[in-house]
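One letter stands for each residue in the lines below.
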Amino acid sequence: MTENGTNLRTLQNSEALAIEGGKPVRTKPLPLEFPGVHYMNDEEEQAVLRVIRSRSLFRYYGVDLQGEVEAFESEIRQFLGVSHALGVTSGTGALQVALSALGVGPGQEIIVPAYLWVSVMAAVVNLGAMPVLADINETFCLDPSDVQRCITPRTAGIIAVHMSGAPAKIPTLLKIARERRVFLLEDCAQCAGGSVGSKKVGTFGDMGIFSFQMNKNMSSGEGGCVVSNNQRLYHRAVACHDTGYARDLNGRAIFDDLDLCLWGRGYRLGELRAAILRVQLKKLPAVIAAMRRSKYRIRRELEQYAQLRLRSIVDPNGDTGAFLIVSLRDAETARRMSEALRAEGIGTSPQGINNVVMTDWGLHIYSNIVSLVNQTSVDRKGFPWKLAENQNSKQHYTKGTCPVADRLFERSILLAIPSCLSEADEDDIIHAFRKVLARLSGKTSRERF
Ligand SMILES: Cc1ncc(COP(=O)(O)O)c(C=O)c1O
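Bear in mind the structure is a predicted one, so any value in this text is a computation, not a measurement.

(A) Local environment of the sheet that holds strand β2 (residues 109–113). Strand order in this open sheet of 7 strands is β1-β9-β8-β5-β4-β2-β3, and the pairing throughout is mixed. Each end of this open sheet is capped by a strand with a single partner; those strands are β1 (84–88) and β3 (130–134). Here the strands of the sheet are splayed against their neighbours by 20° on average, with no regard to which way each runs. Pairing of strand β5 (residues 183–187) with strand β8 (residues 207–211) involves 3 bridges; the strand directions are parallel. In the strand pairing of β8, Glu186 is matched with Gly208. Relative to β1, helix α2 (residues 68–80) is tilted by about 130°, and along the sheet it contacts β1, β8 and β9 (224–228). Strands β1, β8 and β9 of the sheet are contacted by helix α7 (residues 231–241), whose axis makes an angle of about 15° with β1.

Structure follows, in structure tokens:
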């Protein structure tokens, strides 16, 4: 039964749309996203209290050090099946640290997808390298054949971003990276706990990064992590995230290993956040299970509609379920669909990102990133765009650079799947889609696009 009492099985095609003055499917906004946060309770509270009572909030020493960061790193290593993990202050910080560990700098090109988050670009640009845009495909992640096209003698690496909760074609991307002798960094900020063929994302490439910001599968408000199976890269990451120097078991800086006398960024994770993350990590499988259950129930219902194309999922068993993406025939239909769904109550406001046409999805879309399109510099000399080392690497970032992505963004709608959706909420979403699809453009449900 939906919020206004309609039984899904008896829905009539003739129901008047709310956008035309009919009765909306629901009036209450959908729950906000923020997957891990919905599962917070007194366990996180106790964890925080434990740290405060110890008066030891710094990871390397304290009055009565609890070792929360170290324990979290050990627990996430086990969860992911990876040899090294390093807690950091944010996903953005994790990207900077990982790219520094990988030795990224001027004269290098780093391949990034057209659909990403601005921090990926920022990390490359801040290190003086040139981001090279590769197109995506219907997975909404990197298209491996376009990655091949983008590789030049200056390419140092590929950043694969597992976007909107579901993995990229990571085994194929790994094969390309190995064959072309470039590094592969996985950005798992939006896909913590995701996997491909039972191997967790973040463990395929040379390094992986995670974010534990508010809107992530597990969260401490802010936070991040760098993982790797490569010990040398891990040691470099440890030095770069801290003072520039590695530390011994007592937390003292080591100065006699010249390979690890680098430059630091001060991105250390604190004990308070680590204590929260230890609890959140335990809850992650339940958070993912809830989102997957909701998402796949809605997907199964929508599969029958020929007017919609659902995002292609690389491994449905490894999808964390955090988002649903549906594509329509064209930009106008997508916009009308989104507006009609919003009128039916499928949205959240004033906060939240439910039901958005993807061109409006801000700094996730390459051509929306103003400082990228304009090749803006923070300094006065045009760093990194005008560096002599980058002069053979002229790039374009204006709309049109990634035509497949452009076309997908304008005709696709993104819906967040909160980890606390009730069956009635799911019914409402399905009901609203059915209502709108039944009337959309007067097309029959068999008409393909
Ligand atoms: C794909 C991706 N990478 C990196 C980040 C950066 O993480 P943070 O916000 O923790 O800096 C985000 C955050 O939204 C993200 O979505």
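From this point, things continue past the structure.
(B) Structural context of the environment of Gly105. Along the polypeptide, Gly105 turns up in the loop between α3 (91–101) and β2. You can call Gly105 buried: its relative accessible area is 9%. Along the sequence, Gly105 and Asn390 sit 285 residues apart, while their C-alpha atoms lie 10.0 Å from each other. Not counting residues up to four positions away in its chain, the partners in contact with Gly105 are Leu127, Gly128 and Ala129.

(C) Main features of the packing of helix α9 (residues 331–343) against helix α12 (residues 423–439). Contact pair α9 / α12: the axes reach a minimum separation of 10 Å and the direction vectors enclose 130°. By the criterion of interaxial angle, the relationship of α9 to α12 is oblique. By crossing handedness, the relation of α9 to α12 is classed as right-handed. For the pair α9 and α12, contact is made by Met337, Ala340 and Leu341 and by Ala432, Phe433, Val436 and Leu437, respectively. Of the residues contributing to the contact of α9 with α12, the split by class is 7 nonpolar, no polar and no charged.

(D) Just the nonpolar core, in detail. Counting 106 residues, the largest nonpolar core has Leu99, Tyr115, Leu185 and Phe433 as its most contacted members. Discounting residues that sit within four places of it in the chain, Phe433 has contacts with Leu302, Leu308, Val326, Met337, Leu341 and Leu415. Counting residues in each nonpolar core, the second largest holds 21 residues, with Ile76, Cys188, Met218 and Ala274 among its members.

(E) Spatial organisation of the state of the cysteines. For the coordinates displayed, the defined rule picks out 0 disulfides. Here Cys141 stays free of any disulfide, with the sulfur of Cys191 as its closest cysteine sulfur at 7.9 Å. No disulfide involves Cys420; its nearest neighbouring cysteine sulfur is the one of Cys191, lying 20 Å away.

(F) Quick peek at the site of the ligand. Close to the ligand lie 14 residues, the nearest being Gly91, Thr92, Asp187, Ser211 and Lys216. Measuring from an oxygen atom of the ligand, one finds a side-chain N or O atom of Ser211 at 2.7 Å. Alone, the ligand offers 380 Å² of accessible surface; in the complex the protein occludes 91% of this. Taken together, the residues of the shell around the ligand break down into 4 nonpolar, 8 polar and 2 charged.

(G) Representation of the pairing of strand β13 (residues 412–416) in the model. Taking burial as the measure, the 5 residues of β13 include 5 buried ones, the bulk of the element. Alternating residues of β13 divide into Ser412, Leu414 and Ala416 and Ile413 and Leu415, and every residue in both groups is buried. Taken together, the 2 bridges between strand β12 (residues 356–357) and β13 define a ladder with antiparallel strand orientation. The residue bridging Val357 from the neighbouring strand is Ile413, located in β13.

The rules we used
Residues numbered from 1 in each chain as written. Predicted model: local features only at pLDDT ≥ 70, side-chain atom pairs only at ≥ 80, totals over all residues. Heavy atoms only, no water. Pairing = 2+ DSSP bridges. Helix = DSSP H or I, 4+ residues; strand = E, 2+ residues; numbered from the N terminus. Axes fitted to C-alpha atoms, helices over the stretch in contact; angles between N-to-C directions. Contact = heavy atoms within 4.5 Å. Buried < 20%, exposed > 50% of the residue type's maximum accessible area, 1.4 Å probe, protein only. Parallel < 35°, antiparallel > 145°, perpendicular 65-115°, else oblique. Left-handed = near helix turned anticlockwise from the far one by under 90°. Nonpolar A, V, L, I, M, F, W, Y, C, P; charged D, E, K, R; others polar. Core = buried A, V, L, I, M, F, W, Y, C linked by side-chain atoms within 4.5 Å. Disulfide = S-S within 2.5 Å. Near = heavy atom within 4 Å. Polar contact = N/O pair within 3.5 Å; in protein donor to acceptor, adjacent residues only side chain to side chain. Areas by Shrake-Rupley, 256 points an atom, 1.4 Å probe, with all protein chains shown as cover.

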